[in-house]
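Observations on the three-dimensional arrangement
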Amino acid sequence: MDRLLGSNGQYIRFPLPVFLKSMQRLGLRRLDFVPQVPHFFCGYRGHADVAPLRAALQGADLQVSVLTPPPYRCSLTAPAGEQRDATIGYYDSCIRLAAELNCHRLVLSAAGACWDIPPQELTEHAAAMLTHLCHTAQVEGVTLLLAPVMGAETPLIAEAPVLNTARQLSRMLAQVNSSALGVCLDTNIMSANGDTVTDWLSLFPGRIGLVRLCDGNWHGWRAWGDGVLPVDRYLCQLTEGGYQGDFSLYLPGERYIDSPTYPDEKAVAAVKEVLA
């Protein structure tokens, strides 16, 4: 259970203390924390005072191990202009927040790309942005984890036309060529894009910094058992393939915001059963 990270992503309608108590009840001690209101504010001009958040976490005996900033209207693929400037400011601020929380991993993606811009240009913009952000991350002692995004194959939840597949992410890592850049595997996006656990393990030896262990389908992310994916098999394949990192319970989207403990309870119970 020490490798299982709880997340406040689905708790946006509840105050921070409710989330913290839920994590304690489930026996989770480490977090994949989303710096979102009402729990915390982080923007392109800076972030809120970290002291109250740090005190709340310490009081609950919880630790932020990964920071996953919501993209809002920012995008790694933004062309030169106000959006690009705001995106750089936002992620620079998030990287500094991670360092202040003594958290050394930050997840980001190409979500929010403009579909009218040619894919090659979007990729070039993302490479330039990531090169800049990797420099900031190295200074702050943080590793960036590039997560894949839903693409044209899932039109109802499409996020970007680039950086969808494992091979596309592999090429981006080679292009940026920074030790401060790794990847985050999302099992639902992996499946939707036609990739496998074997693909990821072979393409990113030693560079998978986090796995989002989530069920799902073509319409979005689901609690364990509510989707169509063999999540238990994925977990076994990852373990047998030598992955020794953390698993995050973060579920993108807002499907469970009225009952955020439900997917957490299902996932914790399932992981205990599979790894028993």
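Look a little higher up for the structure.
Below you will find a few notes about this structure. (Residues numbered from 1 in each chain as written. Predicted model: local features only at pLDDT ≥ 70, side-chain atom pairs only at ≥ 80, totals over all residues. Heavy atoms only, no water.)

Below, the discussion takes up the overall build of the chain. When helices and strands are counted, the chain shows nine helices and twelve strands. Referenced to the eigenvectors of the C-alpha coordinate spread, the extents of the chain come out at roughly 45 × 40 × 35 Å. Every one of the 276 residues in the chain was classed for burial, and the buried ones make up 55%. When the accessible surface of the chain is totalled, it reaches about 11,800 Å², and 51% of it is carbon and sulfur. If you average the places of the 21 positive and of the 27 negative side-chain charges in the chain, the two averages end up 4 Å apart. (Helix = DSSP H or I, 4+ residues; strand = E, 2+ residues; numbered from the N terminus. Buried < 20%, exposed > 50% of the residue type's maximum accessible area, 1.4 Å probe, protein only. Areas by Shrake-Rupley, 256 points an atom, 1.4 Å probe, with all protein chains shown as cover. Lys, Arg positive; Asp, Glu negative; His and termini not counted. Charge placed at Lys NZ, Arg CZ, Asp CG, Glu CD.)

What you see with strand S2 (residues 30-33) is no split at all: Arg30 and Asp32 on one side and Leu31 and Phe33 on the other are buried throughout. Note: strand S1 (residues 4-7) against S2, three bridges, orientation parallel. Its bridge partner lying in S2, Leu5 is registered against Arg30. For the crossover that starts at S1, traverses helix H1 (residues 16-26) and ends in the parallel S2, the hand is right-handed. As judged from the four bridges shared by S2 and strand S5 (residues 63-67), these two strands associate in the parallel manner. Paired with Leu31 across the strands is Val64, a residue of S5. (Pairing = 2+ DSSP bridges. Right-handed = clockwise from strand over helix to strand, strands pointing away.)

Next up on the list: the state of the cysteines. Should the sulfur atoms of two cysteines be covalently bonded, the bond is a disulfide. Inspection of every chain in the model, using the stated rule, returns zero disulfides. The closest cysteine sulfur to the non-disulfide-bonded Cys184 is located on Cys214, 8.8 Å from its own sulfur. Taking relative accessible area as the criterion, Cys184 reaches 0% and is therefore assigned buried. (Disulfide = S-S within 2.5 Å.)

This paragraph deals with the nonpolar core. The tendency in soluble globular proteins is for nonpolar side chains to be buried side by side. Judged by nonpolar contacts, the single largest core of 80 residues is most densely connected at Leu67, Leu76, Leu101, Leu144, Leu146 and Trp200. Of all the elements, helix H4 (residues 119-140) adds the most residues to this core, at eight residues. Look past the residues within four positions of Leu144 in its chain and what remains in contact with it is Ile95, Leu106, Leu108, Leu133, Cys134, Ala137, Ala180, Leu181 and Gly182. With nine residues, the next largest nonpolar core counts Ile189, Ala192, Ala223 and Leu251 among its residues. (Core = buried A, V, L, I, M, F, W, Y, C linked by side-chain atoms within 4.5 Å. Contact = heavy atoms within 4.5 Å.)

A few words now on the pattern of salt bridges. Counted under the stated rule, the structure contains seven salt bridges. Taking the shortest distance from any N to any O, the salt bridge between Arg105 and Asp246 comes out at 2.7 Å. In this pair, Arg105 is assigned in strand S6 (residues 105-108) and Asp246 in the loop between helix H8 (231-240) and strand S12 (247-248), connecting sequence segments 141 residues apart. One salt bridge in this structure joins Lys266 and Asp226, with 3.1 Å as the shortest N-O distance. (Salt bridge = Lys/Arg side-chain N within 4 Å of Asp/Glu carboxyl O.)

Take H4 next. With 22 residues, H4 extends 31 Å from end C-alpha to end C-alpha; this agrees with the ideal 32 Å at 1.5 Å per step. Those residues of H4 that fall on the buried side of the exposure criterion are Leu122, His125, Ala126, Ala127, Met129, Leu130, Leu133, Cys134, Thr136 and Ala137. Those residues of H4 that are buried lie in contact with helix H3 (82-100), S6, strand S7 (143-146), helix H5 (166-176) and strand S8 (181-186). Just beyond H4, the residue with positive phi is Gly141, at close to 75 degrees. (Expected span 1.5 Å × (residues − 1).)

Right, let's talk about H1 for a bit. Looking at H1, one finds that the buried residues are Leu16, Phe19, Leu20, Ser22, Met23 and Leu26. One side of H1 carries all its buried residues, which in axial view fall inside an arc of 160 degrees. Structural note: H1 exposes Lys21 and Arg25 on the side pointing more than 90 degrees away from its buried face. On its buried face, H1 sits against S1, S2, helix H2 (50-59) and helix H9 (261-274). Within two residues after H1, Gly27 carries a phi angle of roughly 80 degrees, on the positive side. (Arc of directions from axis to C-beta.)

The next subject is the side chain of Asp199. Structurally, the position occupied by Asp199 is in helix H7 (residues 197-203). The contacts of Asp199, once residues within four sequence positions are left out, are Arg167 and Gly194.

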